[in-house]
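# Structure at a glance
One-letter residues, chain by chain:
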Amino acid sequence: MKYFFSIGLVLPLLLLSCKSSAPSVESKTTTGYQGQPKSPIVPTVDVPVQKQWKGIWASKDSSIFFSNEFDGARLNGLSDDGNYHFTALVTAENTPINGSPWYAFKIWGKEPKDITLKLAYQNSRSRYYPKISKDGVNFRALDSTKFQGVNPGEGKFGLKAAPEFAQMSLRVGADTLWVSAQELYPSKRVFSWMDSLASKPFIKKSVIGHSKEGRPMRLLQIKANPNNKKAILVISRQHPPEVTGFLAMKSFVETLASESEEAKQFRATHDVFVVPLMNPDGVDNGHWRHNMGGVDLNRDWQNFNQPETQSVRNFLKSKEKDGYEFVFGADFHSTWDDIYYPLDTLATGPKGKIVFDWIAAIGERLPQKKTNVKASKDLDPTMVSRTYFFVAHGMPAIVFELGDNTPRPFLNEKGKVAAQELMRLLMN
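So, a few notes on the structure that sits alongside this text. (Residues numbered from 1 in each chain as written. Predicted model: local features only at pLDDT ≥ 70, side-chain atom pairs only at ≥ 80, totals over all residues. Heavy atoms only, no water.)

We now examine the pattern of salt bridges. Two side chains of opposite charge can pair, provided their charged atoms sit close to one another. Counted according to the given criterion, the structure contains 22 salt bridges. Ionic pairing is found between arginine 127 and aspartate 404, a salt bridge with its closest N-O pair at 2.7 Å. Of this pair, arginine 127 sits in the loop between strand S7 (113-121) and strand S8 (131-133) while aspartate 404 sits in the loop between strand S20 (397-403) and helix H9 (408-427), placing them 277 residues apart in sequence. Here arginine 127 matches aspartate 404 in class, with each residue buried. Measuring nitrogen to oxygen at the nearest pair gives 2.6 Å for the salt bridge that ties aspartate 271 to lysine 223. Note that aspartate 271 is positioned in strand S16 (residues 270-275) and lysine 223 in the loop between strand S14 (216-222) and strand S15 (230-236), a separation of 48 residues in sequence. Exposure remark for aspartate 271: the relative accessible area of 0% places this residue in the buried category. One salt-bridge network, held together by shared partners, links Lys51, Glu213, Arg215, Asp281 and Asp284. (Salt bridge = Lys/Arg side-chain N within 4 Å of Asp/Glu carboxyl O. Helix = DSSP H or I, 4+ residues; strand = E, 2+ residues; numbered from the N terminus. Buried < 20%, exposed > 50% of the residue type's maximum accessible area, 1.4 Å probe, protein only.)

On to the environment of isoleucine 232. Mapping isoleucine 232 onto the fold places it in strand S15. Placed 168 residues apart in sequence, isoleucine 232 and isoleucine 64 show a C-alpha to C-alpha distance of 50 Å. Apart from the residues within four sequence positions on either side, isoleucine 232 is in contact with Leu256, Asp271, Val272, Phe273, Phe326, Val327, Phe328, Leu422 and Leu426. (Contact = heavy atoms within 4.5 Å.)

Right, let's talk about the sheet that holds strand S4 (residues 77-82) for a bit. A sheet is described by the order of its strands in space; here five strands give the open sequence S4-S5-S7-S11-S10, paired in mixed fashion. In the strand order of this sheet, the two ends are held by S4 and strand S10 (147-150), each with one partner. Along the sheet, successive strands turn relative to each other by an average axial angle of 25 degrees, direction set aside. Direction of pairing for S10 relative to strand S11 (residues 165-172): antiparallel, over a ladder of four bridges. Residue pairing for S11: glycine 149 is matched across the bridge by alanine 166. (Pairing = 2+ DSSP bridges. Axes fitted to C-alpha atoms, helices over the stretch in contact; angles between N-to-C directions.)

Another aspect to go through is helix H2 (residues 243-256). Three- or four-residue spacings in an α-helix give side chains the same orientation, since the helix completes a turn every 3.6 residues. An ideal rise of 1.5 Å per residue puts 20 Å on 14 residues; H2 measures up with 20 Å between its terminal C-alpha atoms. Burial runs high along H2: 13 of the 14 residues are buried. (Expected span 1.5 Å × (residues − 1).)

Turning our eyes to something else, we now look at the pairing of strand S3 (residues 64-67). The alternating pattern of S3 places Ile64 and Phe66 and Phe65 and Ser67 on opposite faces, both of which are buried. Both strand S2 (residues 56-58) and S3 contribute to a ladder of three bridges, which runs antiparallel. Each residue of the ladder has a partner; that of alanine 58, found in S3, is phenylalanine 65. As consecutive antiparallel partners, S2 and S3 are separated by five residues, and within that stretch serine 62 has a phi angle of approximately 55 degrees, a positive value. Of the pairings in the sheet, the one linking S3 to strand S6 (residues 104-109) comprises four bridges and is antiparallel in character. When the bridges of S6 are listed, isoleucine 64 appears paired with glycine 109.

Laid out in structure tokens, this is it:
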């Protein structure tokens, strides 16, 4: 247990890494979130990662305690500023890195007490609005009257629009309070969800490889007809904090695996392969962006230096050898607001039109929230999943991004509608 309160400054992370940003894209709209600029080509060979110290911090009077001793936690330092005001330091696994400052920790006290907690970040601003929980499973957004953004940013989207710090008022006591950037879905919880789906007779689990730290790269196969040779591929959580993308993916897959007549008809002709946790090491270690190789996995779909991308590449090659045709690919992510990143039909030709038909169909079903489209004409390099899927396997594909703050019921509905509309297009 730590009873001292100097932050214990981390040695400067003079590390080489890839610059993490969104895929190469071109804007198609003029309102709302426009997406991020074109990504540079970056190396994806291993660079050092600094693992966080795990343990318990105590206040000066040993009445308030903070802990990061659980999967998915991130808390790198704590200072007791006096009068029950604390500052939590959140640092990245390495640098340079995308501004996605993930945090998650537990707080409790010997007796009920009101505290003020400030979040400070290493070379970043406050992207994620705090979520709180009493059990580490069921989370809700912190009451807005208990939250204050310090030094507000400019604009509506992106890191420049975010406040420099976040400050919150919390009531703590003997019962543990969980504070997290987003809902907690570490590998054990994701694998438990996979287990529940695999209780259906037409769904099987398998391991297609292992991560840098040896965690299994687990895959779900939805296969109702042994003669099927058409398939779709779904992946998620290349970037650990991107939980809203995972939640939409979860609804998407559950709809494909449902007992609706439409789903049954679809499964009669198509198989579904799902890797819901592409970066289990990054998720369990509470990373901002990278895997344990210190790399943004969604820049490694050309060089394949990392075992996680290698696992999916090898799986796709093996299935094609078995005679499979992959007819659609979806990679679920999160960003500042909902946006689609497809490949332009100027690059894909008619084969890629189904992606835009799908986007249009979802929009017609869900007109209450406009989702921008930023399409890329670039097929070289293939460092982003969507581009590799098309170039290497002829698979129309998309990076499907959900907003950090998109309402959770809408995430569920969007995943459901997206699955329904894709089934209809593919069956027609």
